[in-house]
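Letter by letter, the chains look like this.
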Amino acid sequence: MNRRSILAAAMAFAGVTSAPVWANAEAAAVKSVAAQASAAGAQEVSLDAVVEAVRQATLSAQVPGAIVSLNVKAGDRVRAGQELLRIDASAAQQNVAGSTAQLEAAQANLRVASKELDRQKQLFQKQYISQAALERTQAQHEAAQAQVQAQQAQTRAAQTQTGFFSVRAPFNGVVSDVPVTLGDMAMPGRPLVTMHDPSALRLSAAVPQSMMAGVRKQLKSVRYEIVGHTSVAAASVQLLPAVDPVTHTSQLRVSLPVGVEGLVPGMFARVWVPGSSASAEAQNGVKDASQSGRVFLPLTAIVRRTEMTGVYVMDAQGKPRLRQVRLGRTTGQTVEVLSGVSAGEQVVSEPIRLGKKL
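Residues numbered from 1 in each chain as written. Predicted model: local features only at pLDDT ≥ 70, side-chain atom pairs only at ≥ 80, totals over all residues. Heavy atoms only, no water.

A.B. asks: Please provide a residue-by-residue account of the pattern of salt bridges, values included.
C.D. replies: In the structure shown here, the tally under the stated rule is 9 salt bridges. One salt bridge connects D197 with R55, and the closest N-O pair in it is separated by 3.0 Å. Residue D197 is located in the loop between strand 11 (191-196) and strand 12 (201-208), and its partner R55 is located in the loop between strand 3 (44-53) and strand 4 (56-60); the two are separated by 142 residues in the primary sequence. By relative accessible area, which is 41% here, R55 ends up partly exposed. (Salt bridge = Lys/Arg side-chain N within 4 Å of Asp/Glu carboxyl O. Helix = DSSP H or I, 4+ residues; strand = E, 2+ residues; numbered from the N terminus. Buried < 20%, exposed > 50% of the residue type's maximum accessible area, 1.4 Å probe, protein only.)

Shown next, in the form of structure tokens:
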């Protein structure tokens, strides 16, 4: 197969053809519309956002050991305090047993020292021993008491450490990921379980430093749109006061309503914030920078082929040519075109009829 055949096959697969898609006599019957510009839309800037959980945690072990019990998997709902996995605690249990035995020995020595002190006091009252002998007995009794207290603290520390071998849920939530399996070696700092609380979600978007002042003054005008959900006004918006020194952006957080079905952390979303025309064009990549507004087309004009989104644009000879576009928000039966089409260009309004003429 030569290069011409390969090129033709590739263009046919992408839906692009170098020849007219129908005869000239039929071209006149094609319905087309002009891409409309809206100056009002230029006052808003679209920012990419992501859905994240307000409460999310990556749990790891505080002590090393082999995982001997794994009680959850990704997608499980857990309660606060529920055991998620257990690490082999044989050595820690032996330390507890040893500390307990030492505590019992110290308590036995204290009992002997207490009885000896009582006898020495009786002898001192009868003046059979000196004051110095009594003081030595009292010092031995106090030392035995201190030894018991030290062993009690050591035993409690050993018992507390045995709790480190059980990883428990810090709050009610859903297990997002379990990157370990039964028998893996847990090390301090190694992620074992990731979980989040699905009852409290929010959107997070990066606001450029140049837009922070305008956004901060108009937080009530912020809107968001999530794929599969309608565009709504944000009820609670927070712009963090800190700026990332690397990206020079500040985080914009938008609270999401409780109980919305289908929302999970990591989903893509779009946030619309107030902005000037210049910043809107720079942020969204409008093709024709001289236009003062956004370009809008009817939804019926959009063509979707696998991972490509495009429209048929009429060329200088009046023939439709497929062109890839990048879409923005959808309002009713109209969609915004962020790049690919300039205002005033003629676009086929019903490309579904075009397919019948191919």
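So that's the structure; there's more coming.
A.B. asks: Would you mind going over the side chain of Q151 in detail, with residue names and values included?
C.D. replies: Along the chain, the position of Q151 falls in helix 4 (residues 131-162). Among the residues examined, Q151 registers a relative accessible area of 8% and is labelled buried. When near neighbours in sequence (up to four residues on either side) are disregarded, Q151 contacts S99, Q102, L103 and A106. (Contact = heavy atoms within 4.5 Å.)

A.B. asks: Describe the layout of surface pockets, naming the residues involved and giving the relevant values.
C.D. replies: Rolled over the atoms, a probe as big as a water molecule pinpoints where empty space is left. Here the largest pocket is characterised by a volume of approximately 390 Å³. Forming the boundary of the largest pocket are 20 residues, of which E225, V227, R270, L327 and G328 lie nearest the centre. Broken down by element, the residue count for the lining of the largest pocket peaks at 5 residues, all from strand 22 (residues 326-331). The residue inventory of the lining of the largest pocket, partitioned by class, reads 9 nonpolar, 5 polar and 6 charged. Put simply, the second largest pocket is a space of about 300 Å³. Surrounding the second largest pocket, 16 residues form its lining, P198, S199, L201, V260 and L263 being those nearest its centre. (1 Å grid on protein atoms, 1.4 Å probe; cavity = no way out; pocket = protein on both sides within 12 Å on 5 of 7 lines; lining within 4 Å. Points joined across faces, edges and corners; volume = space filled by probe spheres on them. Nonpolar A, V, L, I, M, F, W, Y, C, P; charged D, E, K, R; others polar.)

A.B. asks: Quick rundown of the sheet that holds strand 9 (residues 173-177)? Include the residues and the values.
C.D. replies: Ordered in space as 4-11-9-6, the 4 strands form an open sheet in which the pairing is antiparallel. Only two strands of the sheet have a single partner each, and these edge strands are strand 4 and strand 6 (77-78). (Pairing = 2+ DSSP bridges.)

A.B. asks: Explain helix 4 to me, and be specific about the residues and the numbers.
C.D. replies: A rise of 1.5 Å per residue sets the reference length of helix 4, with its 32 residues, at 46 Å; its end C-alpha atoms lie 47 Å apart and thus fit the reference within 8%. Among the residues of helix 4, those classed as buried are A133, L134, T137, H141, A144, V148, Q151, T155 and A158. Looking at the packing, one finds that the buried side of helix 4 touches helix 3 (90-125). (Expected span 1.5 Å × (residues − 1).)

A.B. asks: Help me get a handle on the pairing of strand 12, residues and values and all.
C.D. replies: Burial within strand 12 is extensive, with 7 of its 8 residues counted as buried. Examined bridge by bridge, strand 3 and strand 12 share 5 bridges and lie antiparallel to one another. Bridging across to strand 12, A53 finds its partner in L201. Across 7 bridges, strand 12 lies against strand 16 (residues 249-255) in antiparallel orientation. Looking across to strand 16, one finds that V207 is bridged to S250.

A.B. asks: Please set out the packing of helix 3 against helix 4 residue by residue, giving values where relevant.
C.D. replies: Pairs of packed helices are described in terms of their axes, by the angle between the two and the distance that separates them. Closest axis-to-axis distance for the helix 3/helix 4 pair is 8 Å, and the angle between their directions is 160 degrees. Compared by their axis directions, helix 3 and helix 4 come out roughly antiparallel. Crossing of helix 3 over helix 4 shows left-handed handedness. Residue composition of the contact of helix 3 with helix 4, by class: 12 nonpolar, 22 polar and 2 charged. (Axes fitted to C-alpha atoms, helices over the stretch in contact; angles between N-to-C directions. Parallel < 35°, antiparallel > 145°, perpendicular 65-115°, else oblique. Left-handed = near helix turned anticlockwise from the far one by under 90°.)

A.B. asks: Provide a residue-level description of the nonpolar core, including the pertinent values.
C.D. replies: Core analysis: the biggest nonpolar cluster contains 26 residues, and L203, I226, L252, V271 and V273 have the highest contact counts within it. Looking at this core, the elements that each hand over two or more residues are strand 3, strand 12, helix 5 (212-217), strand 13 (223-226), strand 15 (237-239), strand 16 and strand 17 (268-274). No other element matches the 5 residues that strand 3 contributes to this core. Grouped together as the second largest cluster of nonpolar side chains are 23 residues, L85, A89, A169 and V178 included. (Core = buried A, V, L, I, M, F, W, Y, C linked by side-chain atoms within 4.5 Å.)

These figures capture arrangement, not role.
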